[in-house]
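# Secondary and tertiary structure notes
Each chain is listed here by its residues.
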Amino acid sequence: MSIDPICKKIVPPTTPFISDYGGKKYHFCGPECKKKFDELEKNVIRLKRNLEEKERISFGKLRKEIIKPGICTLCGACASTCEFISIVNDQPKLIGPCTSCGICYNQCPRTITTEEGLIGRLRFGYSAKTAISDLKGQDGGVVTSMLAYALEEGLIDCAIVTVKSEDDPWRPIPIIAKTYDDIIQSTGSIYTHSMTMEALMSSIQQGMRSIAFVGPSCNIDAVHKMQKSPYGFLHMFMRANILKMGLFCMDTFSHDGIKEFVERKDMKLEDIEFMKIRKGQFEFETKYDIKSFALHEFDAYRSSSCKFCTDLTAENSDLSFGGVGSPQGWTTVLARSGIGYEIFNEAVDSGYIKSKTLEENEMERVLNLARMKKVQMYALNRRKNV
Ligand SMILES: Cc1cc2nc3c(=O)[nH]c(=O)nc-3n(C[C@H](O)[C@H](O)[C@H](O)COP(=O)(O)OP(=O)(O)OC[C@H]3O[C@@H](n4cnc5c(N)ncnc54)[C@H](O)[C@@H]3O)c2cc1C
Ligand code: SF4
Ligand code: SF4
Ligand code: SF4
């Protein structure tokens, strides 16, 4: 005797309604159940082929990202869509040969499988660099060039940017930039939290109404919250047009921690012209050389809030800017809102910025880093002593 997999009735082995799937015979009570099963099977095969063409994802990825860190909800979606997965001792286990079709990964409610889920909504992705001679930015100098364009065209009254303290090198100081010279001072990244909201509120109190605001996702979220929350200050009585320019961000570190580290390595903060984090290394550039250290050497100085942050690309901004994805010396730009898209393209048309479309493989690098950041929460137990 066999069980019809569709209606679950017992059917005799003599039934003429039989389908062969994955080397196994399935018996049906009648033509309708057989038809339903065959159609389902066709769809699964089509879905598998589609996924296989895009990327090969095996059960190992589901095990590494979801099952091992202990965030599997035991919903059974993976086991119900693959005959090689079974729930054993309250855990999904592989019990057959995995073909890396990615089906299980794409059903699991804990994985993130869409572009929007990883980096938010966007209109267009670019790789861009400044066209202003002598401007050296952190990557392509695009943030500074856009601000220069917006200020010179009278589109903004001021910009909220972060500069290095003159008295205490590399301590971030948020300022209200009203001139080209103010803006030029702010090129480069300071890997420490900057209290940008104080400068924003003070610019509104001074009567500025069109403001460009630069910061990583936690800063952009503060503006967004104050605009959207029912009792938010920027919603209730301090209204202004704010162009939100978000910076990609993986981590920040305490200023005193970086200082202590640098001095231990016989360097001085005042001699450092640029800091950059790339490919797991923290680089310090002086007039004479570049010294790099493994990023994990800075674990003790990492801001605790960053361990809980899952937004790499500042999803609530009008435009986002980052180094990942683009070649060295270029900035990756994600245009999200209509106004962000327009102003960026106007700055390109007016000769402040050179830009090209972000290629698929470049976007893939952004998505991979964004995925790493989204799932870091899952690995929190492993990071909690950091
Ligand atoms: C803390 C931090 C972490 C980052 N992490 C990553 C990352 O992991 N991956 C990645 O691809 N990109 C990261 N970035 C973004 C990247 O370093 C560049 O800022 C971005 O690519 C824009 O480069 P640019 O040359 O166009 O900018 P520039 O023209 O050099 O302009 C830089 C702008 O950054 C602002 N700024 C600098 N430091 C701060 C700060 N602490 N808080 C608020 N604003 C600041 C300045 O005000 C200035 O307007 C990070 C940036 C910061 C500030
Ligand atoms: S659905 Fe099955 S065969 Fe496909 S990746 Fe998952 S475990 Fe492997
Ligand atoms: S689909 Fe995901 S959450 Fe559901 S049982 Fe499988 S691994 Fe766990
Ligand atoms: S990692 Fe997140 S919380 Fe930390 S500075 Fe960057 S955006 Fe802010």
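Residues numbered from 1 in each chain as written. Chains lettered and ligands numbered in written order. Predicted model: local features only at pLDDT ≥ 70, side-chain atom pairs only at ≥ 80, totals over all residues. Heavy atoms only, no water.

## Concerning the site of ligand 2
Close to ligand 2 lie I57, F59, C82, I85, L94, C98, T99, S100, C101, G102, I103 and C104, which account for all nearby residues. Broken down by class, the residue content of the shell around ligand 2 amounts to nine nonpolar, three polar and no charged. (Near = heavy atom within 4 Å. Nonpolar A, V, L, I, M, F, W, Y, C, P; charged D, E, K, R; others polar.)

## Notes on the packing of aromatic side chains
All chains considered together, the criterion is met by 15 aromatic pairs. A centroid spacing of 5.5 Å and a plane angle of 80° characterise the contact between Y191 and F282, whose relative ring orientation is edge-to-face. Of this pair, Y191 sits in the loop between α7 (180-184) and α8 (196-205) while F282 is found in strand β13 (residues 281-285), placing the two residues 91 residues apart along the sequence. Residue classification places F282 among the buried residues on the basis of a relative accessible area of 0%. Three or more aromatic residues link up through ring pairs in this structure, and these residues are Y191, F253, F261, F282, F284, F293, F298 and Y301. The ring of W170 has K164 lying over it, and the distance from NZ or CZ to the ring centre is 4.6 Å. (Phe/Tyr/Trp six-rings, centres within 6.5 Å; stacked < 30°, edge-to-face > 60°. Helix = DSSP H or I, 4+ residues; strand = E, 2+ residues; numbered from the N terminus. Buried < 20%, exposed > 50% of the residue type's maximum accessible area, 1.4 Å probe, protein only. Lys NZ or Arg CZ within 6 Å of the ring centre and 35° of its normal.)

## Re helix α9 (residues 217-228)
Across its twelve residues, α9 extends 16 Å between first and last C-alpha, which sits within 8% of the 16 Å expected from 1.5 Å per residue. The set of residues buried in α9 consists of S217, N219, I220, V223 and Q227. Projected down its long axis, α9 shows its buried positions confined to an angular sector of 165°, all on one face. Close packing links the buried residues of α9 with α8, β10 (210-216), α10 (233-236) and β11 (241-247). (Expected span 1.5 Å × (residues − 1). Arc of directions from axis to C-beta. Contact = heavy atoms within 4.5 Å.)

## Topic: the nonpolar core
The biggest cluster of nonpolar side chains holds 32 residues, and the ones touching the most others in it are M146, L147, M245, F321, V333, F344 and I353. Here this core gets eight residues from one element, more than from any other, and that element is helix α6 (residues 142-152). When residues no more than four places from it in sequence are discounted, the contact partners of L147 are I156, A159, V161, I183, A212, V214 and M245. Counting 18 residues, the second-largest nonpolar core is a separate cluster that includes I176, A199, I204 and I242. (Core = buried A, V, L, I, M, F, W, Y, C linked by side-chain atoms within 4.5 Å.)

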